[in-house]
Amino acid sequence: QVQLVESGGGLVQAGGSLRLSCAASGRTFSSSVMGWFRQAPGKEREFVAAIIKPGGNTYYTDSVKGRFTISGDNAKNTVYLQMTSLKPEDTAVYYCATSRSGIIKAHASYDYWGQGTQVTVSS
């Protein structure tokens, strides 16, 4: 069992920044994928970013490249999503998730999910 808890969401003006955190506890593994997804009202859950352990390779959806950065702190079992130059279309509930294997950008490949944190970007 793995528990994931997101934090750091909130309300920000367009062009602003937020840093999301996802703390993992329980049974974690040295080899895994940690990902961020988001879901806006009435829309499908969308892949945002992922980081691979070991090695730290990162992946992003095209719409956030150059604006968002995913990183991890192994000592704290925590993954971060630094979001800059936020746009109203970034408004969504953001979820972190983890997977032992599978297609990195497919939400069905992830085994454990956090409860989500709301990000709202005003214009």
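The coordinates are above.
Definitions and cut-offs
- Residues numbered from 1 in each chain as written.
- Predicted model: local features only at pLDDT ≥ 70, side-chain atom pairs only at ≥ 80, totals over all residues.
- Heavy atoms only, no water.
- Buried < 20%, exposed > 50% of the residue type's maximum accessible area, 1.4 Å probe, protein only.
- Helix = DSSP H or I, 4+ residues; strand = E, 2+ residues; numbered from the N terminus.
- Pairing = 2+ DSSP bridges.
- Salt bridge = Lys/Arg side-chain N within 4 Å of Asp/Glu carboxyl O.

Asks: I'm lost on the pairing of strand S9 (residues 92–99) in this one. Help?
Replies: Across a regular strand the side chains alternate sides, sitting on one face of the sheet and then on the other. Within S9, seven of the eight residues are buried, which leaves it mostly tucked inside the rest of the structure. One ladder, built from seven bridges, connects strand S4 (residues 32–39) with S9; its direction is antiparallel. Pairing of Met34 across the sheet is with Thr98, part of S9. In terms of strand pairing, S9 meets strand S11 (residues 117–122) through three bridges, oriented antiparallel. The residue bridging Val93 from the neighbouring strand is Gln118, located in S11. Note: S9 against strand S10 (residues 112–113), two bridges, orientation antiparallel. Across the sheet, the residue bridging to Ala97 is Trp113, located in S10.

Asks: Help me understand the pattern of salt bridges in this model?
Replies: Oppositely charged side chains can form a pair if their charged atoms are brought close together. Applying the stated rule across the entire model yields four salt bridges. Of the charged contacts in the structure, one is a salt bridge between Glu46 and Arg38, with a shortest N-O distance of 2.9 Å. On the basis of relative accessible area, Glu46 is assigned to the partly exposed category, the value being 31%. Of the charged contacts in the structure, one is a salt bridge between Arg38 and Asp90, with a shortest N-O distance of 2.9 Å. With a gap of 52 residues between them, Arg38 in strand S4 and Asp90 in the loop between strand S8 (78–83) and S9 connect regions that are remote in the sequence. Asp90 matches Arg38 in its accessibility class, with the two residues each being buried.

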